[in-house]
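# Structural description and commentary
Chain by chain, the residues:
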Amino acid sequence: MEGLSVAQARKSENAGRQAVLQGWVRTRRDSKGGFSFIELNDGSCMANLQIVADGKLANYETEIKQLSAGCSITVEGELKPSPAKGQATEIHASRVTLVGHADPQTYELQKKRHSFEYLRTIAHLRPRTNTFGAVMRVRNQICRSIHDFFQEQGFLYIQAPIITASDCEGAGEMFKVTTFDLARVPKREQEVDYAQDFFQRPAFLTVSGQLEAEIFACSLGKVYTFGPTFRAENSNTSRHLAEFWMVEPEMAFFELSDNMDLAEAFLKRIFGDVLTKCPEDMAFFAEHIEKTTLSRLEAICNSEFVRLSYSEAIALLESAGRTWEYPVRWGTDLQAEHERYLTEEKFQKPVILFDYPRTIKPFYMRVNEDGRTVRAMDVLVPGVGEIIGGSQREERLDILKQRMAEQRLDPESYWWYLDLRRDGTVPHSGFGLGLERAVQFVTGMTNIRDVIPFPRTPGSAEF
Ligand code: 4AD
Ligand code: MG
C-alpha cells in the first residue's frame, strides 16, 4: 500500500489504487445508512479528500464516530471514483487510525470563521486554515520561481551574511547584535566600549545583502542573494515588517535600462508561474480575497510596464488637478497617495520610476550627468505600491567618495567597497524585491502580516 498526499489521491487516474493517507480531519458527517463521511486535509492542496468509513470498521463506534475537526488520523483504503460533485475520487477506508485527538470544546478552528487579526494570535494553528494554507503554497511557488528564473539565466546564488557591520540603506534604524549584559554595558570615557563586545565593533542585523552581492558580482558576473533582512523602523503599516525576505540580483556590466528589463521579465515570470502552477489556490483568492487578481496578473504578463522618470511623474502629479494630502514638489519622496494615483488611476499597471533626486536616495546610486539625479529605479504596482527598489551603482571612485561625504558616511568603514572601485571597477546594477510584498500583490491579501509564517512587527514577536 502506497503513501499518497491528498493532492495525489484526488487525481482521477489514481482511482482503483490502494493508498495510505495522513492528515487532519476538517469535518465528520454520519449517514443514516450506518457509515460516516470524513473530510481529510493534509496541506498538499486546498481541497480535502472524502473518506467513506463503514460502520463495520472495528473502531467505528469507539473512535471514528468521535472524530472532530483537528484530529489527526491515518487512513488506509481503496481510492474509487466519487459520485459526489467537485471531486474525482474518494477513499473507502479499510482502516482509520486516530493519531492525535483534538478536543471539540477547545479546538480553536472548529466551525467558526476567525478574522485574520485573530488568527495572528493563534499563529500555531493558522496554517491549518484554507487562506493561510493557500498563501503558503503560493509563497513557496514564488520562492521556487525566483530560483528557477535566476538559475536558468546563469546567476549564482550567494548567501549574504545576516550579521553585518555596515549600513546599506543609511536610512532606517538597524537592530544591534551584542552579547553585552544590557544592565552593565562596558563603557570607556562615557561611550560604549565596543572593543569588549563579541565582534569588537558595533554589529547589526542586515537591512540588505546588496553590498556583499556587489562584491560577488564584481568577480563572478551575475549573482543573487535571497534571505531575511531586518528594519528596526517603527512603522505599523500593512506593508512593513521588521523582518522580511528580500531577493537581490546584482549584475556586472548592467546599466539601468538592463536592470529595468530584468526586473520586468522577473516579475512577469513570477506572476505567470503562479497562475499556471497554483490555479486552485489562485481561484480561491479570486473568489474570497480580491476579485480581480487573476485578470490583473494576466494583463500584467501580457503588457509592458510603464517607464517614467521621477521628473515626469512629478509633472503628471502636479497637473492631475487634485489636492494632495502631501504636496507634490520636485525633490521630495513620493507618498502612497501619489504612487496609487500613478499605478491605479493614471496607468492602471506597474510603473517603473527612475532617475530620482540624489538627495533622497542612498550613497551607492550612480549620479547622472545632470548632477541632480541618480540612476535609481522603483517598481510600483497597484494596491501594494513599491515592490522593487534598485539602481545602477556608482562605480567611479571620486564621485562615490563625494557621495559618502555628503551623507556623512565614514569611508574607513567602507574601505572594501571603495576598493572595488580601485581595482577593475565596472558599471553594475541590481535591485531588491520584497518577497512578502510580492506575495501580497499576487494573492490580494491586504495585510503583510498575513503572508509570512511569523510576522515580526513593533511589539510583536511571540511566535
Ligand atoms: O527599496 P529597498 O530599501 O532597497 C534596498 O534595500 C536595496 N539595497 C535593494 C537593492 O538594490 N539590492 O528595499 C527593497 C524592497 C522594497 O521595494 C520592498 O519591496 C521591500 O524590499 N521592503 C520591505 N518589505 C517589507 N517590510 C519592509 N519594512 C520593507 N522594506 C523594504
Ligand atoms: Mg525603496
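If you're wondering where the values come from, they're calculated on a predicted model, not measured in any experiment.

Below, the discussion takes up the site of ligand 1. Of all residues adjacent to ligand 1, which total 24 residues, the nearest are E169, Q210, E248, E386 and I387. I387 places a main-chain nitrogen or oxygen 2.8 Å from an oxygen atom of ligand 1. F431 is positioned such that a nitrogen or oxygen atom in its backbone is 3.5 Å from a nitrogen atom of ligand 1. Its free accessible area being 630 Å², ligand 1 has 94% of it covered by the protein chains. The pocket occupied by ligand 1, as judged from atoms lying within 2 Å of grid points, is the largest pocket. Those elements that provide at least two residues to the shell around ligand 1 are β13 (243-252), β17 (385-392) and β18 (428-434).

What follows covers the layout of surface pockets. Of the voids in this model, the largest pocket is the one considered here, and its volume is about 1200 Å³. Lining the largest pocket are 44 residues, and of these E169, R231, K361, D378 and E386 sit closest to its centre. Of all elements in the fold, only β13, α9 (336-346), β16 (373-381), β17, β18 and α12 (435-443) reach the threshold of two or more residues within the lining of the largest pocket. When residues of the lining of the largest pocket are assigned to their parent elements, the largest contribution, five residues, is made by β17. Residue composition of the lining of the largest pocket, grouped by class: 17 nonpolar, 13 polar and 14 charged. Computed from the structure, the second largest pocket encloses a volume of approximately 850 Å³. Lining the second largest pocket are 31 residues; nearest its centre among them are R26, L109, R128, T129 and N130. Here the residues of the lining of the second largest pocket are counted per class, giving 12 nonpolar, 11 polar and eight charged. Three or more residues apiece are contributed to the lining of the second largest pocket by two domains, here domain 1 (2-100) and domain 2 (127-156 + 219-450).

Before going further, it helps to examine unusual backbone geometry. Backbone geometry at Q348 places phi at a positive 55°, although glycine is not the residue there. Along the polypeptide, Q348 turns up in the loop between α9 and β15 (351-357). In this structure, R408 takes a positive phi of about 55° despite not being glycine. Within the secondary structure layout, R408 lies in the loop between α10 (397-406) and α11 (415-419).

The subject of this paragraph is the packing of helix α5 (residues 256-277) against helix α7 (residues 293-301). In contact at an axis separation of 9 Å, α5 and α7 are set at 135° when each is read in the N-to-C sense. With respect to their mutual orientation, α5 and α7 come out oblique. With respect to the hand of their crossing, α5 and α7 are arranged in left-handed fashion. Seen from α5, the contacting residues are K268, F271, G272 and L275; seen from α7, they are L294, L297, E298, I300 and C301. Among the residues forming the contact of α5 with α7, the class breakdown is six nonpolar, one polar and two charged.

Any two aromatic rings considered together are summarised by their centre-to-centre distance and by the angle between their planes. Tallied over the full model, the rule gives 20 aromatic pairs. Ring plane angle 40° and centroid distance 5.4 Å describe the contact between Y310 and Y356, whose orientation is recorded as tilted. Taken together, the residues Y310 in helix α8 (residues 310-318) and Y356 in strand β15 connect sequence positions 46 residues apart. A relative accessible area of 2% places Y356 in the buried class. Lying across the ring of W330, R372 places its NZ or CZ 3.9 Å from the centre. Note that R421 overlies the ring of Y417, its terminal NZ or CZ placed 4.0 Å from the centroid.

So, how was this worked out
- Residues numbered from 1 in each chain as written.
- Chains lettered and ligands numbered in written order.
- Predicted model: local features only at pLDDT ≥ 70, side-chain atom pairs only at ≥ 80, totals over all residues.
- Heavy atoms only, no water.
- Near = heavy atom within 4 Å.
- Polar contact = N/O pair within 3.5 Å; in protein donor to acceptor, adjacent residues only side chain to side chain.
- Areas by Shrake-Rupley, 256 points an atom, 1.4 Å probe, with all protein chains shown as cover.
- 1 Å grid on protein atoms, 1.4 Å probe; cavity = no way out; pocket = protein on both sides within 12 Å on 5 of 7 lines; lining within 4 Å.
- Sits in = over half its atoms within 2 Å of the grid points.
- Helix = DSSP H or I, 4+ residues; strand = E, 2+ residues; numbered from the N terminus.
- Points joined across faces, edges and corners; volume = space filled by probe spheres on them.
- Nonpolar A, V, L, I, M, F, W, Y, C, P; charged D, E, K, R; others polar.
- Domains from an automatic or database assignment.
- Axes fitted to C-alpha atoms, helices over the stretch in contact; angles between N-to-C directions.
- Parallel < 35°, antiparallel > 145°, perpendicular 65-115°, else oblique.
- Left-handed = near helix turned anticlockwise from the far one by under 90°.
- Contact = heavy atoms within 4.5 Å.
- Phe/Tyr/Trp six-rings, centres within 6.5 Å; stacked < 30°, edge-to-face > 60°.
- Buried < 20%, exposed > 50% of the residue type's maximum accessible area, 1.4 Å probe, protein only.
- Lys NZ or Arg CZ within 6 Å of the ring centre and 35° of its normal.

In short, shape yes, function no, at least from these values alone.
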